[in-house]
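Listed here are the chains, written in short residue letters.
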Amino acid sequence: MSGAGERQLPELPDATAPDGSEVRILVSVPRGSMAHFRLQPGQVAQAIVHRSVDELWYVTSGQGRIWRKAADTETVTELVPGLSLTIPVGTSFQFRCDGTEPLDIVGVTMPPWPGADEAVFVKGRW
């Protein structure tokens, strides 16, 4: 990390998310954190639901789809560069990379990601 509150996007992933996506940790403050998520072409993430965090996503490159289910509402949304979306706490979701290049997403988690126990595996669409 260079300076207070700065970090250049790392070339290699810092971790693998519970859903299987590559994670590159960016910056955080006490009330939220930011990370870069990547799925490789043809990769499908495991379906999960968060116990306590809300997420905001912004697609930076690639193509794919995300399935979200909350209560009686279920949607599938095309993921394309420039799209932003929400994943409120308690929403089941699963995403996939359908293109020939990686699907890259910047996500903000509020509060900051508390650890691997945050994600609960659920039955997904794919």
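Residues numbered from 1 in each chain as written. Predicted model: local features only at pLDDT ≥ 70, side-chain atom pairs only at ≥ 80, totals over all residues. Heavy atoms only, no water.

Undergrad: An account of the pairing of strand E6 (residues 64-70) is requested, with residue identities and associated values reported.
TA: With 7 bridges joining them, E6 and strand E7 (residues 73-79) adopt antiparallel strand pairing. When the bridges of E7 are listed, Arg68 appears paired with Thr75. If you look at the hairpin formed by E6 and E7, you'll find 2 residues sitting between the two strands, and Ala71 has a positive phi there, around 55 degrees. Where E6 lies against strand E9 (residues 92-97), 6 bridges are found, and the strand directions are antiparallel. Bridging across to E9, Trp67 finds its partner in Gln94. (Pairing = 2+ DSSP bridges. Helix = DSSP H or I, 4+ residues; strand = E, 2+ residues; numbered from the N terminus.)

Undergrad: Tell me about the pairing of strand E2 (residues 22-29), residues and numbers included.
TA: Across 2 bridges, the pairing between strand E1 (residues 15-16) and E2 is antiparallel. In the sheet register, Ala15 faces E2, and the bridge partner there is Val23. In this antiparallel pair of consecutive strands, E1 and E2, the connection spans 5 residues, and Gly20 shows a positive phi of 100 degrees. Note: E2 against strand E3 (residues 32-39), 6 bridges, orientation antiparallel. Note that in E3 the partner of Ile25 across the bridge is Ala35. As consecutive antiparallel partners, E2 and E3 are separated by 2 residues.

Undergrad: Provide a residue-level description of the nonpolar core, including the pertinent values.
TA: Membership of the largest hydrophobic core comes to 19 residues, with the highest contact counts inside it found for Trp57, Ile66, Leu79, Phe93, Phe95, Leu103 and Ile105. Mapped onto this core, the elements with two or more residues apiece are E3, strand E5 (54-61), strand E8 (84-87), E9 and strand E10 (103-110). Apart from the residues within four sequence positions on either side, Phe93 is in contact with Asp19, Gln46, Ala47, Ile48, His50, Glu55, Trp57, Ile66, Trp67, Arg68 and Ile87. (Core = buried A, V, L, I, M, F, W, Y, C linked by side-chain atoms within 4.5 Å. Buried < 20%, exposed > 50% of the residue type's maximum accessible area, 1.4 Å probe, protein only. Contact = heavy atoms within 4.5 Å.)

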